[in-house]
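# Reading the structure
Listed below, chain by chain, are the residues.
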Amino acid sequence: MKVRSVARIAMLVAVVSVLACGQSTEQRVDTIVSGIVVTMDAERRIYNDGAIAISGDTIVAIGPRAEIEAKYSVRETLDARGKLILPGFVNGHTHVPMTLLRGLHDDVTLNDWLYKYIFPAEAKNVNEDFVRWGTRLALAEQIRSGVTTFADMYYFEDAVAEETKKAGMRGVLGETFIDFPAPDNKTNAAMLAYTEKYLQKWQGDPLIHAAAAPHSIYTCSQKTLQDSAALARKYHAPILIHVAEMKKELDDSLKNNGATPVQYLDRIGLLGPDVVAAHCIFVDEADRKTLAAKQVGCVHNPSSNMMLASGVAPVPEERGAGVAVGLGTDGPAGSNNDLDLMEEMDLAAKLAKITKMSPLALGAKAVVEMATIDGARALHMEKEIGSLEKGKKADLIVISLDEPNGVPVYDIYAALAYALKANDVESVMIGGRFVMKDHKLQTVDEEAAIVKAREYKKSVAASLGME
Ligand SMILES: [Zn+2]
């Protein structure tokens, strides 16, 4: 017995030393996440028993789990076998501080909503503190629904950027230009000065892409549009703008400019591969060709377009013309009213189907593309994010398949588009850092943001003479 035990110990020592020896030739990484990996790469590869090796903020390898585990030794693992791992969702258009105005005035036209309710409510209530708390609430809501990158247009955008950075989230964050005194800057000169400082401050930041956001052609003069674009281009910053989002905008543009909104923007030199155009509803065939040729990214917002009865963007035609079309929530006030991008996948597909009276109009795989890789293309960030590939940022989400609505799965894209919900998102990593783990937020004080939102409701309602 004794002899055998000694032999066994000797054998164990030998095995351990072989392992240790093996480890010295392995590459060390920070994290390995394993599960059903839906890459959204060019071949749309799916590894049913896959893994992703992450070092710092970057994916260093991706493939079958056995291969990755043999090649890399690791500090931290997340075993998500049997769950989906996807690139984080991209919310291509929103106004995050408006979470605090959620539900303020719904069921009115866009024109009335803007001019009768929202612009006055903003003038009375929006300051930097409002923006910070609204942003915190929105960061929590977005992380919970698997969004890892969002594009935003609002005021005090530097405060939005600071909060987003603190939460470890990725953002393309545009300071708004508009031809009336805004809550933060009262004149166009002040808007230009603020934005220049803002663009300078965030140059080269790994998470924050500071941008300029001329609101639209119906709220900005030609000069405001051109000045804001010139400033953005001086700093190689993106330009975010609402384009062709309502019939009135098209009619007024035809009357005043003798051109569609897209042709007008092209004529004044605004369009280019740095522009992200929200909505693009009233775009004809010539407009779609222009958007594709100028490499403008478009963002489709089905909830918002339906809620405001703005119209239906010709998404299949835009995609067919080669335009990168992402998805956005818009809102969250008055035109959605939430920040759940998974809902937008579902609605984008169904809206296209009912509009065309064809279930083939826009499929599950297409809308998952729009929420991930095409969303990244629309924001001109496809080299960084949008798919799980070696060399890209480690922005990924883990989605549970263990709830009643998550079984069975015959087709992963159909499950994602039509059956799985935001609360099936379990964990979220952005740039190699977990911002949510097993439904627990790691970087945002959600409870404090909820308490503040309730307080703001009282003061906003009082400022408008509401009960
Ligand atoms: Zn918008």
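About the cut-offs
- What you see as residue numbers is a count from 1 along each chain, following the sequence as written.
- Whole-chain, interface and lining totals are the exception, using all residues; otherwise, since this is a predicted model, local features are given only for residues with pLDDT of at least 70 and side-chain atom pairs are given and counted only at 80 or more.
- Here the side-chain values reflect all heavy atoms present in the structure, with hydrogen atoms and water set aside.
- Put simply, DSSP marks the helices as runs of H or I at least four residues long and the strands as runs of E at least two long, and each gets a number from the N terminus on.
- Only C-alpha atoms enter the radius of gyration; for comparison, a globular chain is expected to reach 2.2 Å times N to the power 0.38, where N is the number of residues.
- Only protein chains enter the accessibility calculation, which uses a 1.4 Å probe; a residue is then buried when its area is under 20% of its type maximum, exposed when over 50%, and partly exposed in between.
- Any two residues whose heavy atoms approach within 4.5 Å are treated as being in contact.
- Reported accessibility uses the Shrake-Rupley method at a 1.4 Å probe radius. Residues are deemed covered only where the shown protein chains occlude them.
- This count recognises Lys and Arg as positive and Asp and Glu as negative, with His and chain-terminal groups excluded.
- For the purpose of locating charges, the reference atoms are NZ of Lys, CZ of Arg, CG of Asp and CD of Glu.
- Note on method: axes are straight lines fitted to C-alpha atoms, helices fitted across the in-contact stretch only, with angles between N-to-C directions ranging 0 to 180 degrees.
- Under this scheme an angle from 65 to 115 degrees is roughly perpendicular, one under 35 degrees roughly parallel, and one over 145 degrees roughly antiparallel; angles in between are oblique.
- With the far helix as reference, a near helix turned anticlockwise by less than a right angle produces a left-handed crossing, and one turned clockwise produces a right-handed crossing.
- Note that Gly is not counted as nonpolar here; it falls among the polar residues with everything else outside the nonpolar set of Ala, Val, Leu, Ile, Met, Phe, Trp, Tyr, Cys and Pro and the charged set of Asp, Glu, Lys and Arg.
- Within 3.5 Å is the distance limit for a polar contact, defined as a pair of N or O atoms, with the added protein rule that one can donate a hydrogen and the other accept it, and that residues adjacent in sequence qualify only through two side-chain atoms.
- Coordinating donors are taken as N, O and S atoms within 2.8 Å of the metal, stretched to 3.2 Å for Na, K and Ca; because water is absent from the atoms, sites can appear incomplete.
- Working rule for geometry: tetrahedral if four donors all subtend angles between 85 and 135 degrees; square planar for four, octahedral for six, if opposite donors exceed 155 degrees and the others stay between 65 and 115; irregular in every other situation.
- Strand pairing requires that DSSP identify at least two bridges connecting the strands.
- Per residue, pLDDT measures the predictor's confidence, with a range of 0 to 100.
- We define the nonpolar core as a collection of buried residues of types Ala, Val, Leu, Ile, Met, Phe, Trp, Tyr and Cys that are connected through side-chain atoms lying within 4.5 Å of one another.
- Every case where a carboxyl oxygen of Asp or Glu lies within 4 Å of a side-chain nitrogen of Lys or Arg is listed as a salt bridge.

As a further point, take the overall build of the protein. When helices and strands are tallied, the protein shows 17 helices and 16 strands. Since a compact globule built from 467 residues should have a radius of gyration of about 23 Å, the 24 Å found for the protein is in line with a globular shape. Its C-alpha atoms give the protein principal-axis dimensions of about 95 × 45 × 45 Å. In the protein, buried positions account for 57% of the 467 residues. Here the contacts in the protein between residues at least 6 apart in sequence split such that 73% fall between residues at least 24 apart. About 19000 Å² of surface is accessible on the protein, with carbon and sulfur atoms providing 55% of the total. A gap of 4 Å separates the mean positions of the 51 positive and 62 negative side-chain charges of the protein.

For the pair helix 13 (residues 341-356) and helix 16 (residues 412-419), interaxial distance at closest approach is 7 Å and the crossing angle is 95 degrees. Between helix 13 and helix 16, the angle is such that the two are roughly perpendicular. Judged by residue contacts, Met342, Met345, Asp346, Ala349, Lys350 and Lys353 of helix 13 engage Leu416, Ala417 and Tyr418 from helix 16.

The axes of two packed helices give the description: the angle between them and the distance between them. At a minimum axis separation of 9 Å, helix 4 (residues 128-144) and helix 5 (residues 157-166) run at an interaxial angle of 35 degrees. In terms of crossing hand, the pair formed by helix 4 and helix 5 is right-handed. Two secondary-structure elements touch here, helix 4 through Glu128, Val131, Arg132, Thr135, Arg136 and Leu139 and helix 5 through Ala159, Val160, Glu162, Glu163, Thr164 and Lys166. Grouping the constituent residues of the contact of helix 4 with helix 5 by class yields four nonpolar, two polar and six charged.

Once that is clear, we can look at the side chain of Asn301. Topologically, Asn301 is positioned in the loop between strand 11 (297-300) and helix 11 (302-307). Using a relative accessible area of 0% as the deciding quantity, one classes Asn301 as buried. A distance of 3.4 Å separates a polar side-chain atom of Asn301 from the backbone nitrogen of Asp330. Contact partners of Asn301, with chain neighbours within four places excluded, come to His93, Ala278, His279, Gly328, Thr329, Asp330 and Glu344.

Every protein donor of the zinc ion is listed here as His93 (NE2), His95 (NE2), His242 (NE2) and Asp330 (OD), and their distances to the metal cover 2.1 to 2.5 Å. Classification of the site at the zinc ion as irregular follows from its four donor atoms and the range of 83 to 175 degrees in their angles at the metal. Read N to C, the donor residues that coordinate the zinc ion are spaced as H-x1-H-x146-H-x87-D. Highlighted residues: His242 in strand 9 (residues 239-243) and Asp330 in the loop between strand 12 (325-327) and helix 13, separated in sequence by 88 residues. Each member of the pair, His242 together with Asp330, is buried.

Another point: the sheet that holds strand 4 (residues 72-87). Here we have eight strands laid out as an open sheet, ordered 3-2-1-4-13-14-15-16, and mixed in their pairing. A strand with exactly one partner marks an edge of an open sheet, and here the two such strands are strand 3 (58-64) and strand 16 (440-441). Of the pairings in the sheet, the one linking strand 4 to strand 13 (residues 396-399) comprises four bridges and is antiparallel in character. Looking across to strand 13, one finds that Pro87 is bridged to Leu396.

Its location among the elements puts Ala366 in helix 14 (residues 364-371). The class of Ala366 is buried, set by a relative accessible area of 11%.

A word on the confidence of the model for the protein. Scored by pLDDT, the protein comes out at a mean of 94, with 94% of its residues at no less than 70. Counted against residues more than four places away or in other chains, residues 9-24, with its pLDDT under 50, gives zero contacts.

With that settled, the discussion passes to the nonpolar core. Core analysis: the largest hydrophobic core is formed by 119 residues, its most contacted members being Leu84, Phe89 and Ile399. Tallying contributions element by element places helix 4 first for this core, with eight residues. In this structure Ile399 touches Lys83, Leu84, Leu86, Phe89, Met342, Leu416, Leu420, Asp424 and Val425, once residues within four positions along its chain are discounted. In this structure, Ile54, Leu388, Leu396 and Met429 belong to the second largest nonpolar core, which totals 15 residues.

On to the pairing of strand 2 (residues 46-55), then. Where strand 1 (residues 27-38) lies against strand 2, seven bridges are found, and the strand directions are antiparallel. The residue of strand 2 that forms the bridge with Thr31 is Ile54. Note: strand 2 against strand 3, six bridges, orientation antiparallel. Considered in strand 3, the bridge of Ile54 is made with Ile59. Where strand 2 folds back on strand 3, the antiparallel hairpin that results is connected by two residues, among which Gly56 adopts a positive phi of roughly 60 degrees.

Before going further, it helps to examine the pattern of salt bridges. As enumerated under the stated definition, the model contains 37 salt bridges in all. Two residues, Asp402 and Lys83, come together in a salt bridge whose shortest N-O distance is 3.2 Å. One end of the pair, Asp402, is in the loop between strand 13 and helix 16; the other, Lys83, is in strand 4, and 319 residues separate them in sequence. Note on Asp402: relative accessible area 54%, which makes it exposed.

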